[in-house]
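# Survey of secondary and tertiary structure
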Amino acid sequence: MPVVTPGWYMTLAAVLFVLGMTGVLIRRNALVMFMCVELMLNAVNLTFVAAGRAAGVLDGQVAVFFVLVVAAAEVVVGLAIIVAIFRRRETASVDELAALRG
Amino acid sequence: MIPEAFPEIAWSALAPELVLVFGAVALLLLDVQRKPGVKVLWVMSLVILAVALALGVWQWIAATPEGEPIFGGMLLFDRSAALARLVVLGVTIQAMAAARSLFAHLGNRAAEGLALVLLAAAGFILMAASQNLVMMFLGLEMGSISLYILAGIAGDGVRSDEAALKYLLLGAVASAVFIYGAALVFAGTGSLDLLGIGEFFARNLLLSPAVLLVGIGLLTAGLSFKVAAAPFHVWAPDVYQGAPAGIVGYMAAVAKVGGFAALARVLLSGFENFRPDWAPIVAGIAALSMVVGALMAIISSDIRRLLAYSGVAHAGFILTGLASGVEGSSSVWFYLAVYTVQLVAAFSVISVVGGAASSGSDLSDYRGLYRRSPFLALVLSVALLGMAGLPLTTGFVAKLGVFLWAWRGDLEWLVVVAVVASAMAIYLYLRVIVIMYMQSPVGDDPVLCDRPTSWALGAATAVTVVLGVFPQPLLRLVETAIYL
Amino acid sequence: MIELPTEALWLVIALPLGGATLLHFVGRWLGEPRAGYLACAASLAAFGVAAAAAVPFLTGEGHPSQSLLWEWMPAVGASFEIVWDPLSALMTLVVTGVGSLIHIYSLGYMHGDPRFARFFAYLNLFTASMLTLVLAGNYAMLFVGWELVGLCSYLLISFWFTRPSAAAAGKKAFVVNRIGDFGFLIALMLIFSSFGTLSYSGVFDRAGDELAGSAATWIGLMLAAGAIGKSAQIPLYVWLPDAMEGPTPVSALIHAATMVTAGVYVIARSAPIFELAPTASGVVAAVGALTALWAATIAIGQSDIKRVLAYSTISQLGYMFLAVGATAYVAGVFHLMTHAFFKALLFLGAGSVIHAMGGRQNMEEMGGLRKAMPVTFLTMGIGVVAIAGFPPLAGFWSKDEILGVVFNQGGFFTVLWLVGLITALLTAFYMIRQFVMVFLGRPRWPEGVVPHESPRSMTVPLVVLAVLSVLGGLVNTPFRLGLEHFLEPSFEGVKLGHPAEGVVSILVLAAVAVGAGAVGAAMAFFAYHRPPEAWRRFQAAFGKVWGWWEEGYRVDEIYGTMLVAPGRRLAEEAAFRLDLGVVDGAVNGVARLVRAAGTLIRPAQSGLIRQYGLWFGLGLVALLAWLLVRGGL
Amino acid sequence: MVELVVFALMGAGTLAGAVTVVLARNPVRSALGLLGALVSLAVIYVVNLAHLVAAVQVVVYAGAVLTLFLFVIMFIGVDRSEDTSETIPLQRKLVAGLATVVALGAAVLVSRGRFSWTPASGEAAEIPNGTVQALGGELFTTWVLGVEVTALLLTIAAVGAIALAFHRRSAETPTED
Amino acid sequence: MLTLLVLTPLLGAVVVALIPARRRELHLPLGMALSVAPLGLAGAVFFSFDAGEASFQMVEKVVWWEPWGVSWQLGVDGISLGMVALTAILFPLSLAVSDSISHRRKAFVVAMLFLETGLIGTFLALDLLLFFVFFEVILVPMYLIIGVWGGERRVYAAVKFFIYTAFGSALLLAAIIALAVMHASQTPDGLLSFDYLALLALDISPTAQMWLFGAFALAFAIKVPLFPFHTWLPDAHVEAPTAGSVLLAGVLLKLGTYGLLRFNLTLFPEATVSLVPVLAVLAVVGIIYGAVVAIVQPDLKKLVAYSSVSHLGFVVLGIFALTSAGLQGAVIQNVNHGLTTGALFLLVGMLYDRRHTKQISDFGGLATPAPLMAGFFLFMAFASIGLPGLNGFVGEFLVLVGSFPSLPALTVVAAFGVVLAAIYMLWAYQRVFTGPVSGAENRKLADLSPKETAVLAPLAALVLLLGLYPGILLERTAPSVEAILDRIEQHTDYQAPSPGRLADVFLSDSEEDS
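Residues numbered from 1 in each chain as written. Chains lettered and ligands numbered in written order. Predicted model: local features only at pLDDT ≥ 70, side-chain atom pairs only at ≥ 80, totals over all residues. Heavy atoms only, no water.

### Regarding the pairing of strand E2 (residues 78–84) of chain C
Residues and elements named next belong to chain C. Counted only if it meets this: Buried means the residue's accessible area, taken with a 1.4 Å probe over protein chains only, is under 20% of the maximum for its type, while exposed means over 50%, and partly exposed covers the values in between. Only DSSP runs of H or I with at least four residues qualify as helices, and only runs of E with at least two residues qualify as strands; both kinds are numbered from the N terminus onward. Any two strands are treated as partners once DSSP identifies two or more bridges connecting them.
The buried fraction of E2 is high, at seven of seven residues. Of the two faces of E2, the one holding Ala78, Phe80, Ile82 and Trp84 and the one holding Ser79, Glu81 and Val83 are both buried throughout. Examined bridge by bridge, strand E1 (residues 65–73) and E2 share seven bridges and lie antiparallel to one another. Of the residues in E2, the one forming a bridge with Trp70 is Phe80. Remark: four residues form the turn of the hairpin made by E1 and E2, two consecutive strands paired antiparallel; Gly77 in that turn has positive phi of roughly 60 degrees.

So, in structure tokens, the structure goes:
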């Protein structure tokens, strides 16, 4: 019976991070992209927890707490901007926001 | 259960930031209560900044090169942090002095705007002083989120929205990458504290630090995004073009100061032992930034994009100094201090010429600016020549500094790339000067700028030239601001 | 007589130079004729000083001396220093003497020219330059004079610069001379590299010891190249006929009597070097002989009075080259001197004729001028006889000595002697032809031309020169080698070529030469002392050949198509195709390349957030990959 | 043993949720996928003795943040399926390539045993118990500055949201561009 | 004294800048008057210079950017002396002919005076970084002079000039940094230093010398300009206003040759010796190429510009001949070219002011209406051709005779440039000034005004003086030049050829046959 080590969690977190990143790259709905960013941050959180467990310190869990708050703040601001854009453009697709380029 | 070792709260060390934060809150409350005029709020914010700067100077004098850890090692207020504070506050004042018209345009949202500026400044200062990776992340987010909002707050429509969303989305990804890097470093060392990390390396001999290498890479990439270094720079031109002109200079400058301070602290203080590993990638990013920045700037026809790309190139120059190691950080600081002044001055001119909130900034608007406003043309020229690194401007001294240290740090190839790129870049600055001085004006109407703006611009120009000829004071100053 | 210290010789140069400077600045204010008087005075004064200084050599008490004026370029051993020995003395006297006469002549000839004073300024400047050349104590200073006379030649040929042909001729003269100078410069470099100095004394004293044979040959050849340019020898003679665009006194002074002889002077001066370089000497002699014949044939076909004389000059210079090439330096210098007399005389006479004919130079429009201008007729007649080499006039003695020396060298030189002999025949032919066409027969003057004798200022020099042409040859006859003794100190240690000893051979050779001349003269007289239709018939008998002669073998055209046109095309290709296209194109190409590189990466900046994210991801992965691969993965 | 089962189940749940977020056509489904992932993670946190974190995860994330998401989705009316075809050329291929490279790299690292963490000392370490008390002690002593900063962050977010909303109202009326 | 000399024009610039723009009639005369002050100072320096002394004189040193070992260090030796004097002479003259500058006259005068400070500073700087600062700063006023007051394609020309030269100096900066760092690593206290005299003591490996030499040489080759880096020059000259052309040709180009002589030869002796063939070949190609291209130029100014390429080839050849005569020739030819070509550009400018064209085909027979101008042009043309007695000859002759022992074949080719010079100069003169007057505008062309004559006369006098008595300069130059040669001989196994030996070496092939 294998013992679950922190490494397992970290690997899971890595996969989650990559999934989140992939989502950001392939989805064009800004809201979904934000969700994917949340996935990435959750991967970070899982890593922190697992690493904290491995190191035997609480710092990892404390870090999760802060990351959580940051994520919340980002979401608030992000959603406000998306709402603002949607009001004006009737779209949440980031592909249609490419006036600035070159 | 109250731990007996409740950390001492070093209020005095944080005095400037406290002033900023309480000032911001005061502005918001005042706005809610009394609805004072924009001018009152604006003057207030300047006063707050001035007080903070004064306290910052006091703190600079008090600071020691080794620094003093406060808040249980969350922050390290050493000379470099104190210098970062001075630079951030300095350019904030410079930018704010020239930004009255922007806040006038914001109308009833001026208080929010001003508060966000102050909070962003505080955030980046904290970021620069952070000794702890999570703390650094918090400072980074405090500054960045404020900037995301500022990018979207005052713009005149679609472009501003787009800029804000781009900045936010990509910034969030970059933040995630950064904090993931921090997490991996934590996994590899069991510590989030840069000093602790350093101690860990002192205790353990690591043969295969793959986790750490990835962590370093992610941290570097995340911060490279913030300072707009290639290939993590693509957002910068779009955001600089779309965000309100009156605030872009400030946004660019403080983000660069905070980002580079953090990068320097992480790499030089935490991972000094890994220099053989990270120096090549930093050098690579530097080279790529210089070349790509110059190439793209040459073909852009919008002055804001041009400056954004030139900013990419400058990030490359600064990284050149950074890659050379601890000693080179003094040159990084010199560069940051003088470049941000030029950057803010240039964008201030842009906001005067194109309107503080508008996003129109086509190069053709600058045709014959010399005739419409000799003063603005001169200011912009000096700023551009400074960025070009022409002797007798601070830009030259700054470039010389990073080149010198890079050469001493055995990065000869990078210096060669850098000098070639800087020669290439001269063309793009000249192009603007040509347009201003050697083409016939688009209109006859003179471009006027208000008095505080003029003062700010005049001061920036004077600083660029005077410190360009006699840079000794600043050189001595930054000499002590290295990451021991 | 007061003996002049050689230190004061700088006056010889300074006087005409001062005159030139003065005339340059205040000439217009002085006006005619005072400006001319000033110039004549300067020239005569220089003659006086030179004569006074030359006295010791005549009395046999003089010693060659060298005096330093001031340092010029110490690094290459060049300074302004004057050498005073019999050779330079003789040259100085010829230059100032003949020069003074021509100055005086010009008083009349240039009468009424709006730039009268300027003309005399140039004449004086020329005199000074030529004196710099002959008095120079080192090759560098020689080169100064060498080039300055070229400058004066340029200025004087294109004196009437509003005539495009005159302007072109001046430029041509200078440029062609420059080609020769190119060789001369190389000679100077070789000399400096070989000796570390350019001073005559330094060079000649050590020539025998330090000069490798090949070096001497090269130096000799390169010096000869310079001389060929200046003395209008094949292949660089083409400038001289065109130089006739200048006022006639200029042709007389510069393009007959003095400047063109500089080449001969240089070779004579460099005798110690040529002595070590028989090959170079041989080349000089061959070139001289060939030129003599070549130019003489062309002279036959000319109908312009001055062009005949011009080709004659080239031909005579060929004689001098033949002489110095045959190491008969004295004979060469001797002919140089006599030629200066009679050719100056001929040119001035021709000038007188042109003056009388109102500027016309075509001999076919002349004829029968004998009565209209008797002094000119007589003096020019003397000149013709002198150049044709009839005894006892000057030309006979000098030419005869040359032919004698050449014959005596034997071998290859025998051929050259034969060439010289034919040339003598041709010389007599074309000179008599000219004389007959101009002065004898019936007048063929165009309407409105009323020839008259020239003013006194012009005829007096003619007379003086005529006297010199008669008596000048007597300074060096086989019976009394006066000139050779005189020049001995200058050629100390140099083996001189001599004619064969013995009265019989001298007489036989002389007889052959004179006979050749007589044949030529007779032919010309009978062919041309008839109406023009008869000339045509005579000329037609030569078929195409006469046409070649008339057109000077079309050398100018050949040079034009073979050298000038391709050269110009090359220059145009270089300027407009290579420079603008390739070299500058590369520069602009780099700029374009930079822009192209920017444009190439521009699509990355698409404005699409997701794509930006992708770039971020790519960069990140690349960065991590590098870190890990470096860290051993 | 328990941990292994939890890891297997909740890990699978996390990934399933994540994949749903990434691939679902309907944003509401994505949000629900996110909810699944968040809750699964909360369970994993509990197994790792991060009790407070798990609680906060459920309350703040699954509760507040996700509600906000759903609210906005409904608010702006994009709760319909979207076309998931790719319009940017090469984007998908490059992303796939990137993911492959990352996966391969990670595989190589893991297979070589190079993906190690806190060596030596890590084995003996006691698992930190993230109770409210323990975490609270940490947060309000060592990390007190961080807590203050988070407060500021939330203030900023609030101020920003207000300012951006104002922006809408004021920008709608005047003529644009 | 030297500091004063450098700063006087700057002070002048400030004074002019303070005059209100509307008093435009004051700016030019004042600028001229102010530029006489440095001339006086330069004269004082020239005549108080100790001719027998090889090392730097009147050295002044003030620590400047202390942490990096940068100092304000000035000094003059035989090599810089002539250049400083030349600069000081040309400025009042070029200001005097700038009446045709009609707009932004104040800015023009300020730019000119600023330029003068930069130029004099470059020649006097003994600190490499200070040198670089001056070297680079010059670009700005020159850029403005071309770009603001120039002809039709002025912007293109100005930008090309700026970028091209800035590119060269970029690598120069890298090389200077390398030297400073090298100094830090070779001295016990580990301090950076840019002090030229201190850097001379460095021990630089041959490979490093090659690289550094290359970087220095590229910067200077572009400035000279050496073939094939010359194409910015014709553009810049054609578009620049008269004063700009005069200074460009007269002084700016000399920065390149000065730099080669001052820095390349002394700092990197080994690389110098081994790279002689490269530089000498480029120089000779430049001589011939510049002359050939000049022949067919339809634009008079361009013709003179290309002639500069040719003339400066001589200077470079002289430098890399590495003989005393060659080096002396190079130094004096630097000055000569400044005087004659400067004067030629002045004349072309005067023509342009009168006719607003520079096309040769637009002129013809000008010697009739303007004899004085024709005279000056011819005089300067002959000086440029290298007529003995005028200055150009002294330089060319010294260069040729000096180069022959070390580079015989190349020198022979170079000497042919003398022939080509005669062709392009005299042909141009022929087409512009001689023949019948063409066109009504040419017929009523005004001759030189007294002021213009007064501008040209001093140049003509100097041309003559240096042609006849170059000792005034040579005696001051010789010791410094010898010192450079000594240095090269000490640091390498190179031996400057002594005359009397090498002619045989050169001719040894043919000698074996005989």
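### Comments concerning the interface of chain D and chain A
One frequently used descriptor of interface size is the decrease in accessible area upon assembly of the parts. Inclusion rule: Contacts are assigned to residue pairs with any non-hydrogen atoms lying within 4.5 Å of each other. Here the quantity called buried area is the total loss of accessible area, with a 1.4 Å probe, experienced by two parts when brought into contact, counted for both. For this document, the term salt bridge refers to a Lys or Arg side-chain nitrogen within 4 Å of an Asp or Glu carboxyl oxygen. Counting of polar contacts relies on pairs of N or O atoms within 3.5 Å, with two restrictions inside protein: one atom must be capable of donating a hydrogen and the other of accepting it, and residues adjacent in sequence are counted only when both atoms are side-chain atoms. Just so you know the grouping, Ala, Val, Leu, Ile, Met, Phe, Trp, Tyr, Cys and Pro go in nonpolar, Asp, Glu, Lys and Arg go in charged, and all remaining residues, Gly too, go in polar.
Taken together, the 77 residues of chain D in the interface contact 66 residues of chain A. Summed over both sides, the interface between chain D and chain A buries roughly 6600 Å², with carbon and sulfur atoms accounting for 76% of that surface. For the interface between chain D and chain A, the tally reads one salt bridge. Here Arg53 of chain A makes a salt bridge to Glu3 of chain D, at a shortest N to O gap of 2.6 Å. Between the two partners, chain D and chain A, sit nine residue pairs in polar contact (both at pLDDT 80 or more). Class assignment of the residues belonging to the side of chain D that touches chain A gives a composition of 51 nonpolar, 16 polar and ten charged.

### With respect to the environment of Ser310 of chain E
Residue and element names in this part refer to chain E. For Ser310, the position within the fold is in helix H13 (residues 300–321). Taking the C-alpha atoms as reference points, Ser310 and Val394, 84 residues apart in sequence, are found 16 Å from one another. Those residues within four positions of Ser310 in sequence are excluded, and the remaining contacts are Gly286, Ile287, Gly290, Ala291 and Tyr424.

### Points about the interface of chain C and chain E
Listed per partner, the contact involves 55 residues of chain C and 66 residues of chain E. Both faces combined, the contact of chain C with chain E buries some 5000 Å², and carbon together with sulfur accounts for 76% of it. For Asp584 of chain C, the salt bridge is made with Lys160 of chain E, and the minimal N-O distance between the two is 2.5 Å. Scanning the region where chain C abuts chain E turns up 13 residue pairs in polar contact (both at pLDDT 80 or more). Those elements giving two or more residues to the side of chain C that touches chain E turn out to be E1, helix H5 (139–157), helix H6 (164–195), helix H8 (213–230) and helix H24 (555–601) of chain C. With 18 residues, H6 of chain C is the largest single contributor of residues to the side of chain C that touches chain E. Class assignment for the residues of the side of chain C that touches chain E results in 40 nonpolar, six polar and nine charged.

### Section: the pattern of salt bridges
Pairing between side chains of opposite charge can happen when their charged atoms approach one another. All names here are of chain B. In total, this model carries 31 salt bridges over all chains according to the counting rule given. Linking Arg265 and Asp78 is a salt bridge whose minimum nitrogen-to-oxygen distance equals 2.9 Å. Taken together, the positions of Arg265 in helix H11 (residues 245–270) and Asp78 in the loop between strand E2 (75–77) and helix H3 (79–97) put the pair 187 residues apart, joining distant regions of the chain. We classify Arg265 as buried; its relative accessible area is 0%.

### Quick notes on the pairing of strand E1 (residues 57–65) of chain E
Bridge count for E1 of chain E against strand E2 (residues 70–76) of chain E is six bridges, and the pairing is antiparallel. Note that in E2 of chain E the partner of Lys61 of chain E across the bridge is Gln73 of chain E.

### What about the packing of helix H14 (residues 305–325) of chain C against helix H18 (residues 412–439) of chain C?
Residue and element names in this part refer to chain C. For the record, the criterion: Here the axes come from fitting lines to C-alpha atoms, over the contacting stretch only for helices, and the angles between their N-to-C directions go from 0 to 180 degrees. For classification purposes, angles smaller than 35 degrees are called roughly parallel, those larger than 145 roughly antiparallel, those between 65 and 115 roughly perpendicular, and all remaining angles oblique. Handedness of a crossing follows from how the near helix is turned relative to the far one, being left-handed for an anticlockwise turn of less than a right angle and right-handed for a clockwise one.
At a closest axis distance of 11 Å, the pairing of H14 and H18 adopts a crossing angle of 160 degrees. With respect to H18, the element H14 is oriented roughly antiparallel. For the pair H14 and H18, the sense of crossing is left-handed. Contact residues: H14 offers Ile305, Val308, Leu309, Ser312, Ser315, Gln316, Tyr319, Leu322 and Gly325, while H18 offers Phe413, Leu416, Gly420, Thr423, Ala424, Thr427, Tyr430, Met431, Gln434 and Val438. The residue inventory of the contact of H14 with H18, partitioned by class, reads eleven nonpolar, eight polar and no charged.

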